[in-house]
Every structure is written in C-alpha cells, then in structure tokens.
Amino acid sequence: MDLHDFYYDLPEELIAQDPLSDRSSSRLMVLDKNTGAIEHKIFRDITEYLKPGDCLVINDTKVIPARLIGEKEGTGAAIEVLLLKRLEDRQDTWEVLVKPGKKCKVGARIVFGGGKLTGEIIDIVEEGNRLIQFSYDGIFEEILDELGQMPLPPYITHKLEDKNRYQTVYAKHEGSAAAPTAGLHFTKELLKQIEDMGVKIARVTLHVGLGTFRPVKVENILDHHMHSEFYQVDKEAADIINNTKANGGRVIAVGTTSTRTLESVADENGHIPVKSGWTEIFIYPGYKFKAIDCLITNFHLPESTLVMLVSALAGRENVLNAYEVAVKERYRFFSFGDAMFIK
C-alpha cells in the first residue's frame, strides 16, 4: 500500500484557523461505510443517528499548555521546548522537542519565566528528542499553566484567544500534547441530551502525542513506525462497553484516539478488559475492527495515519470520495474544522 493512495488535494483556505463560537454548530458529514452514501447535517443533528442502547466512547484526556519559551543560560538564546511525555519513574523529567536543537546539547540549561522554572538537558533520545529535568519551587502544573502555551498543530497560524477552546468540555486527566479534536464539537447540553435518549457514555483516556502530526515519510506505509501513547480503560468504561455489545447496541468511538484505545485492548471477540499501558497500534486498510462499530471524527491531513484509519473503517474509495465532496462543499478541515460520522 503506497502513501500516495491516501492523497487528496486540499485548498489551503479550507484549513480552519479558529474554532466556531458554538461548538455544536459545525457541519457534519454522515458517511455510510457500506454504501458510500453521504448526507450533510449540522453536528447537533448527531442525535438523529444515535439509538437507545448505543454507547458513545469519549477520550477524557486534557491538553497541557505544553509549549514553553525560554532562554539558554549563559547566552540568552531563545529556546522553544515542547513537552511530549513525562517519565513515569522520574516525575520532573520529560521527553521534549527543542528548537533550535543544535543549541541544546547535554548539559545545557534553559530558564523559563525569569527563573520560575529551569530545565537541564540530561540526554538525547530517539529522533533527536531530548530528556529535560526541571527544577522549580511550588507545583509544576501551576507553573506550567502560567508559563506554557497551548501546543496548536503546525497548520494553525492564528493565536488561540481562549485556551479552553482546545479542550473538550469533558477533559479531565492532564497529559496530552494535542487535543482529541473530534470531541471538540460536543457541548455539555448536547451530551446530556444524548444521555437522556438512553445512550450510555463511556470515558477512556489516551494521552495524545505529537506523533499524531508526524508525517508518514516512507513510500510503503507498512514501513511506518507509530509513536507510542499512554492509555487507560477503567472498570466502569469496560463494563459499559461490554454490556452495550452484549445487548446488541453499537459502540461509537468519538475520535481516532478512542478508536485506537479500544482496538488496542480488545480481544478477538471485541471484549474490553480493564487495562492501561502504551499503544503503538497502526490501523490501515485490511484491519479488522474488533471493538468499534461507528466513528465520529474530523477531516484529516492528506497521507496521514488518520486518513488511513478512517479508510480502514469505511473503505479508501468511500473516504476519498467523501473528502472530495467535502472540498467541493467547502467544509472546514482539521482540528478546528467540521466533523464526519461514519455509520
């Protein structure tokens, strides 16, 4: 399977630069994965496609303000640090991306916020990422909230006025370097309306890494190596999902991150255990889904692993045709863009 099999032509002006004032008023394309038929709706119309006994699986990760701008000690050179993941065994040590990398050799010290936070580069790991050990007085999360910026994807050039618009309304567990963007369309009112219909909501956690935006650089996609991301499925979520399946309801994943979590943990019969760990699952056409039946998702970058995932669920031709229609109909693309429901 070649990379260019997942290419589509996207005019730059269709990349959404700002979130809509009302989350649930974005557009919704409904795609039938069996027939390829397409309908055009507004996101809050999602209730028309949900049934009592279904289960909506949401990812309750919370984005941390993971972009820090500091100065190199001694030279004052500006350094940008992007927090990727915290080491489990050393709480003040993070794997990070740094720019410019050549100024950040092992031993270099970076000062943030006039000394409220300092970091020392202690190692260089795979793909040029660094390990940085922080020192500070107080609570790290509070300092990060004060000094850090939201790590918006590279294709968003506008400044985000309200940090909360890059969080879902149900974000709870801090740890993501990017938002699970399919969930950005939900309001608390819409979620309550869905629950009142008799649809169960299961919460899982997957901390989204910036590998989500890493381009596929190999021509044969099977040679692509996925980044690893931490996930957690607790007993409450597992029970809700397993009971839904046992009773003949559909499991509807909100986003590719919820999908990857469930497909990582499910056994061959689609049973979901209580589990946490790291996943590197790469889903592309030919994959047999074990856990999910339907998917709510955004429109993804050409030749990305996310386009490959939705193609695995709905068929490559159906997906590329839907994207062509979305371009013609002037849908808004990517993180702050419109949504698709694959039923």
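Throughout this description, residue numbers start from 1 for each chain and increase along the sequence as written. The predicted nature of this model means local features are confined to residues of pLDDT at least 70 and side-chain atom pairs, given and counted, to a pLDDT of 80 or more, with totals for whole chains, interfaces and linings taken over all residues. Computation of side-chain values covers all heavy atoms of the structure but excludes hydrogens and water.

Quick look at the side chain of Gln-167
Then step 1. Strands here mean DSSP runs of E at least two residues long; helices mean DSSP runs of H or I at least four residues long; both are numbered from the N terminus. Residue position: Gln-167 is located in the loop between α1 (140–147) and β11 (173–176).
Then step 2. Residues adjacent in sequence count toward polar contacts only when both atoms are side-chain atoms; beyond that, a polar contact is any pair of N or O atoms within 3.5 Å, and within protein one must be able to donate a hydrogen and the other to accept it. In this structure the side chain of Gln-167 is engaged in a polar contact, spanning 2.7 Å, whose partner is the backbone oxygen of Val-63.
Then step 3. Beyond its immediate chain neighbours, meaning those up to four positions away, Gln-167 contacts Arg-23, Lys-62, Val-63, Met-150 and Leu-184. Two residues qualify as a contact provided that any one of their heavy atoms is within 4.5 Å of a heavy atom in the partner residue.

Observations regarding the sheet that holds strand β15 (residues 275–279)
Then step 1. Two strands qualify as a pair provided that DSSP identifies no fewer than 2 bridges between them. With mixed pairing, the nine strands of this open sheet are ordered in space as β2-β1-β17-β16-β14-β3-β12-β13-β15. This sheet does not close on itself; its edge strands, each paired only once, are β2 (38–42) and β15. Shown here is a sheet whose adjacent strand axes are inclined to one another by a mean of 25°, direction ignored.
Then step 2. Direction of pairing for strand β14 (residues 251–254) relative to strand β16 (residues 294–298): parallel, over a ladder of three bridges. Axis angles are defined between N-to-C directions and span 0 to 180 degrees, where every axis is a line fitted to C-alpha atoms and, for a helix, only to the segment in contact.

Some words on helix α2 (residues 188–196)
Then step 1. Listing the buried residues of α2 in full gives Leu-190, Leu-191 and Ile-194. Summarising the axial view, the buried residues of α2 lie within an arc of 100°, below the 170-degree limit, and thus occupy one face. Turned more than 90 degrees away from the buried face of α2 sit Lys-188, Glu-189 and Asp-196, all of them exposed.
Then step 2. For α2, the elements touching its buried residues are β3 (55–59) and β12 (200–206).
Then step 3. Gly-198 occupies a position one or two residues after α2 and carries a positive phi of about 100°. Working definition: with a 1.4 Å probe on protein chains only, accessible area under 20% of the residue-type maximum means buried, over 50% means exposed, and in between means partly exposed. The directions considered for the arc run from the helix axis to the C-beta atoms.

Notes on the layout of surface pockets
Then step 1. With a 1 Å grid laid over protein atoms only, a set of points is called a cavity when a 1.4 Å probe fits there but cannot get out and a pocket when it is open yet has protein on both sides within 12 Å along at least five of seven lines; lining residues have an atom within 4 Å of a point. Grid points are joined across faces, edges and corners, and a volume is the space filled by probe spheres set on the points. Roughly 1,200 Å³ of volume is contained in the largest pocket.
Then step 2. Residue lining of the largest pocket: 47 residues in total, with Leu-84, Lys-85, Gly-209, Leu-210 and Gly-211 positioned closest to the centre.
Then step 3. Elements with a contribution of two residues or more to the lining of the largest pocket: β6 (78–86), β7 (93–99), α1, β11 and β13 (229–233).
Then step 4. Here the lining of the largest pocket is composed, by residue class, of 21 nonpolar, 10 polar and 16 charged. Residues are grouped as follows: Ala, Val, Leu, Ile, Met, Phe, Trp, Tyr, Cys and Pro are nonpolar; Asp, Glu, Lys and Arg are charged; every other residue, Gly included, is polar.

Quick look at the pattern of salt bridges
Then step 1. For this document, the term salt bridge refers to a Lys or Arg side-chain nitrogen within 4 Å of an Asp or Glu carboxyl oxygen. A full pass over the atoms with the stated rule returns 15 salt bridges.
Then step 2. The salt bridge involving Asp-22 is made with Arg-44; its shortest N-O contact spans 2.9 Å. Of this pair, Asp-22 sits in the segment before β1 (27–31) while Arg-44 sits in the loop between β2 and β3; the two residues are 22 residues apart in sequence, bridging distant segments of the chain.
Then step 3. The shortest N-O distance in the salt bridge between Lys-192 and Asp-196 comes to 2.8 Å. You can see Lys-192 and its partner Asp-196 sitting in helix α2, four residues apart, about one turn around the helix.

Here we look at empty space enclosed by the protein
Then step 1. Inspection of every chain in the model, using the stated rule, returns two cavities of 30 Å³ or more.
Then step 2. Volume-wise, the largest cavity comes out at about 90 Å³.
Then step 3. Tallied by class, the residues present in the lining of the largest cavity amount to four nonpolar, four polar and three charged.
Then step 4. Empty space within the second largest cavity amounts to approximately 40 Å³.
Then step 5. Along the walls of the second largest cavity sit Met-226, Arg-260, Ile-281, Phe-282, Ile-283, Thr-305, Leu-306 and Leu-309, which together make up its complete lining.
Then step 6. Ranked by residue count, the leading element in the lining of the second largest cavity is helix α5 (residues 305–314), at three residues.
Then step 7. Broken down by class, the residue content of the lining of the second largest cavity amounts to six nonpolar, one polar and one charged.

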